[in-house]
Amino acid sequence: MSPTQLRFDLRLIADMVAPKTRVLDVGCGEGELLKFLRDTKKVDGRGIELSMAGVAAAVRQGLSVIQGDADTDLKDYPAGAFDYVILSQTLQATRNPREVLEQMLRIGKHAIVSLPNFGHWRVRLSLLARGRMPVTSSLDFTWYDTPNIHLCTIDDFIDLAQAIGARIERGLAIDSSGQIRPFTPPDWKANLMGENGLFLLGK
Amino acid sequence: MNLPPVLAPGGIDPRTQACSTAELGPLKLDCGVVLERITVAWRTYGTLNADKSNAILVCHALTGDQYLADSHPVTGKPGWWHTLVGPGNLFDTDRYFLICSNVLGGCMGTTGPVEINPQTGKPWGLGFPVITIGDMVNAQALLLDHLGIEQLFCVVGGSMGGMQVLEWAASHPRRVFAALPIATSSRHSAQNIAFGEVGRQAIMADPDWHEGDYHSHGTNPHRGLAVARMAAHITYLSEPALHKKFGRKLQNRQNVTYGFEADFQIESYLRHQGSTFVERFDANSYLYITRAMDYFDLAAEHGGKLANAFKGTPVRFCVISFTSDWLFPTQESRAIVHALNAVAANVSFVEIDSDKGHDAFLLDEPEFHKTLQGFLDGAAEHRGLLPGRSVDS
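Fair warning: this is a prediction, and the values are worked out from it, not measured in the lab. (Residues numbered from 1 in each chain as written. Chains lettered and ligands numbered in written order. Predicted model: local features only at pLDDT ≥ 70, side-chain atom pairs only at ≥ 80, totals over all residues.)

A separate point is the overall build of chain B. When you go through chain B residue by residue, the secondary structure sums to 10 helices and 14 strands. Here the C-alpha atoms of chain B give a radius of gyration of 21 Å, agreeing with the 21 Å that 2.2 N^0.38 yields for 393 residues. Principal axes of the C-alpha set define a box for chain B whose edges measure 65 × 50 × 45 Å. Out of the 393 residues in chain B, the part that is buried amounts to 51%. Sequence separation of 24 or more characterises 70% of the internal contacts of chain B that already satisfy a separation of 6 or more. (Helix = DSSP H or I, 4+ residues; strand = E, 2+ residues; numbered from the N terminus. Rg over C-alpha atoms; globule rule 2.2 N^0.38 Å. Buried ≥ 20, exposed ≤ 12 C-beta atoms within 10 Å, placed from the backbone. Contact = placed C-beta atoms within 7 Å.)

When the parts come together, some accessible area is lost, and that loss is often what is quoted as the size of the interface. Residues and elements named next belong to chain B. Taken domain by domain, chain B holds domain 1 (42-101 + 151-187 + 297-392) and domain 2 (193-290). The straight-line distance from the C-alpha centre of domain 1 to that of domain 2 is 28 Å. Residue-level contacts link 12 residues of domain 1 with 12 residues of domain 2. Looking at the side of domain 1 that touches domain 2 residue by residue, the class counts come to 4 nonpolar, 5 polar and 3 charged. (Domains from an automatic or database assignment. Nonpolar A, V, L, I, M, F, W, Y, C, P; charged D, E, K, R; others polar.)

The next point concerns the interface of chain A and chain B. At the junction of the two partners, chain A supplies 16 residues and chain B supplies 22 residues. Elements supplying a minimum of two residues to the side of chain A that touches chain B: helix 3 (52-60) and strand 3 (64-67) of chain A. A total of 5 residues in the side of chain A that touches chain B trace back to one element, the largest contributor, which is helix 3 of chain A. Per-class residue counts for the side of chain A that touches chain B are 10 nonpolar, 4 polar and 2 charged.

If you look at the biggest cluster of nonpolar residues, it comprises 176 residues, and the most contacted ones within it are B:Ile56, B:Leu98 and B:Cys154. A per-element tally of this core places helix 8 (residues 283-295) of chain B first, with 8 residues. (Core = buried A, V, L, I, M, F, W, Y, C linked by C-beta atoms within 7 Å.)

This part takes up helix 5 (residues 97-107) of chain A. For helix 5 of chain A, the complete set of buried residues consists of A:Pro97, A:Val100, A:Leu101, A:Gln103, A:Met104, A:Leu105 and A:Ile107. Looking at the buried positions of helix 5 of chain A, the neighbouring elements they touch are strand 1 (22-26), helix 4 (70-73), strand 4 (82-88), strand 5 (108-116), helix 7 (154-163) and strand 8 (196-202) of chain A.

Residue and element names in this part refer to chain B. Within strand 8 (residues 97-101), 5 of the 5 residues are buried, which leaves the element mostly enclosed by the surrounding structure. Looking at chain direction, strand 4 (residues 38-45) and strand 8 are connected through 4 bridges and run antiparallel. In the sheet register, Thr44 faces strand 8, and the bridge partner there is Ile99. Both strand 5 (residues 55-59) and strand 8 contribute to a ladder of 3 bridges, which runs parallel. Paired with Ile56 across the two strands is Leu98, which belongs to strand 8. (Pairing = 2+ DSSP bridges.)

The geometry of helix 3 of chain A relative to helix 10 (residues 366-383) of chain B is characterised by a closest axis approach of 7 Å and an angle of 40 degrees between their N-to-C directions. In terms of orientation, helix 3 of chain A and helix 10 of chain B fall into the oblique class. Contacts between helix 3 of chain A and helix 10 of chain B involve A:Ala56, A:Val59 and A:Arg60 from the former and B:Glu367, B:Lys370, B:Thr371, B:Gly374 and B:Phe375 from the latter. Taken together, the residues of the contact of helix 3 of chain A with helix 10 of chain B break down into 3 nonpolar, 2 polar and 3 charged. (Axes fitted to C-alpha atoms, helices over the stretch in contact; angles between N-to-C directions. Parallel < 35°, antiparallel > 145°, perpendicular 65-115°, else oblique.)

When the pLDDT values of chain B are averaged, the result is 94; 96% of them are 70 or greater. Interface predicted TM-score (ipTM) for the complex: 0.88; the corresponding pTM is 0.93. (pLDDT = per-residue confidence, 0-100.)

Within the secondary structure, A:Pro19 is located in the loop between helix 1 (8-16) and strand 1. If near-sequence neighbours (up to four positions away) are discounted, A:Pro19 is found in contact with A:Lys41 and A:Lys42.

Cis geometry marks the peptide bond from A:Pro185 to A:Pro186, where omega comes out at 0 degrees. Position of A:Pro186 relative to the elements: it lies in the loop between strand 7 (180-182) and helix 8 (188-193). B:Gly25 connects to B:Pro26 through a cis peptide bond whose omega is 5 degrees. The backbone phi angle of A:Lys20 is positive, close to 55 degrees, even though this residue is not glycine. Along the chain, A:Lys20 falls in the loop between helix 1 and strand 1. Even without a glycine there, the phi angle at A:Gln89 is positive, about 55 degrees. For A:Gln89, a count of 18 C-beta atoms within 10 Å puts it in the partly exposed group.

Another aspect to go through is the packing of helix 3 (residues 190-204) of chain B against helix 8 of chain B. For any two helices packed against each other, the geometry comes down to the angle between their axes and how far apart the axes lie. Residues and elements named next belong to chain B. Relative to each other, helix 3 and helix 8 sit at 160 degrees, their axes nearing to 10 Å. Considering the angle they form, helix 3 stands roughly antiparallel to helix 8. Crossing of helix 3 over helix 8 shows left-handed handedness. Packed against helix 3, whose contacting residues are Ile193, Gly196, Gly199, Arg200 and Ile203, the element helix 8 presents Ala283, Tyr286, Leu287, Thr290, Met293 and Asp294 at the interface. Taken together, the residues that form the contact of helix 3 with helix 8 break down as 6 nonpolar, 3 polar and 2 charged. (Left-handed = near helix turned anticlockwise from the far one by under 90°.)

Encoded structure:
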């Protein structure tokens with residue numbers, strides 16, 4: 001797979017991963033990031049995926065993926081088992097985001113988290129102007145039919161990271177045109193302009 | 001079973017005519033008994049490569065045997081995984097060297113209760129020591145020593161075969177590169193032990209059993225063994241599969257007969273399953289092998305914690321279960337996966353959507369086969385086994 005074929009947000013995550021490391025991708029889908037990391041960075045990758053179709057597709061490609069759930073299955077792994085634990089666009093769909101994040105940093109030296117930013121100006125404007133729950137390109141669900149039960153803003157996430165004693169090693173805000181803006185919190189502009197946030201956390 | 005040891009001295013044993021046998025040993029059993037010499041009967045498919053790195057050990061289930069891919073010498077039926085084995089097939093015989101041996105305690109040529117006890121000159125019968133899954137695996141290890149194979153590329157098996165796979169990975173981790181336990185469990189559940197006991201009691205209740213000494217009495221507890229098989233066979237299927245296949249359909253009749261003939265197709269089917277089974281299987285073997293399954297408890301062997309069985313394991317695992325399997329349900333596989341995660345092992349786990357019950361691992365399930373293929377290909381790549389003729393690699 002050439003780098004250009006990998007989904008844009010996954011490519012940004014891949015850039016944060018050092019070669020020849022151990023990676024756990026939580027919510028790995030069909031394993032496209034794991035496959036990319038294996039093929040281009042010789043990463044020893046594992047995945048957890050909720051959907052059986054996703055798991056089957058990943059295993060068919062020779063990837064080590066199990067059917068499981070971020071909320072319940074991270075506790076099985078021993079501390080420090082991985083160099084990176086990745087959670088892409090999934091934290092907001094977990095039942096207990098704080099515990100998931102704590103578990104990620106227990107079993108991994110680093111955690112990489114990407115999330116849709118509920119503080120993005122479009123979201124704010126949508127609620128302010130229309131008085132309705134926002135449905136945007138990165139939050140493409142109606143309120144009654146959404147997996148996103150714990151939405152947060154970039155600033156909210158930074159608060160959580162600090163609350164559990166995580167160190168934010170890198171922060172990226174990605175705006176709706178795909179522009180990437182590195183930032184160091186606190187950064188009000190990142191929280192307003194970033195449609196998505198991407199974080200590399202350490203302990 | 002009207003097969004050896006009824007055999008005349010020097011006669012040809014049809015069970016092992018089309019396979020290899022060797023005298024191996026000694027084998028120290030878990031019960032403490034030492035068998036100085038055992039016979040192991042096995043079949044191979046494909047060619048062992050120069051560095052002996054392409055061997056796959058296929059472990060058969062309770063009533064399976066070494067005739068994985070060719071026709072059975074007693075029944076003439078095709079091998080139990082014959083659709084998966086061959087050149088260019090899932091178990092590609094151009095790429096891999098497959099070994100399948102009859103388990104210790106079995107009745108297709110490997111030492112078991114039907115064979116002659118060298119000390120008495122008579123069949124072992126109930127004099128045969130009680131064996132375990134670990135003993136079966138150690139007998140297979142003797143065979144690998146005999147074949148000069150230090151490490152298997154893969155160990156694969158379903159049901160009791162899966163128990164052997166887990167035992168292999170736990171007790172000989174350096175001899176296994178990849179492990180594929182399918183539709184199995186790290187321990188026999190109370191429900192499984194219960195079904196095993198029903199089968200054993202059916203055999204023992206048959207007056208022709210004679211405390212296991214039926215050979216000297218010239219009898220065969222085939223009725224008891226057939227009932228055992230019928231009861232067990234139900235556990236291999238699922239209610240939806242039974243409903244789809246048979247429903248309440250009647251067997252060659254328009255109305256029920258108000259009697260106890262096989263009015264229903266399902267009855268007729270089960271009776272057929274029972275009566276064909278006794279032609280190829282030994283009743284005492286059935287007792288011993290089901291007992292070995294009952295005793296299997298990998299966690300208990302490792303201080304009560306399943307994860308301890310796999311501590312530091314270098315083995316790549318792929319655990320597979322089937323949604324409608326109620327004999328070895330998915331939660332049993334999940335417990336294995338949790339234990340493997342606890343030691344950060346390399347593990348894949350797929351639950352295949354199927355309505356065919358436990359037997360799904362023997363049937364045409366495309367999703368299952370694609371998963372097997374993907375895992376094998378991935379593992380082969382890591383092991384440096386190239387596709388194509390193994391002899392060229």
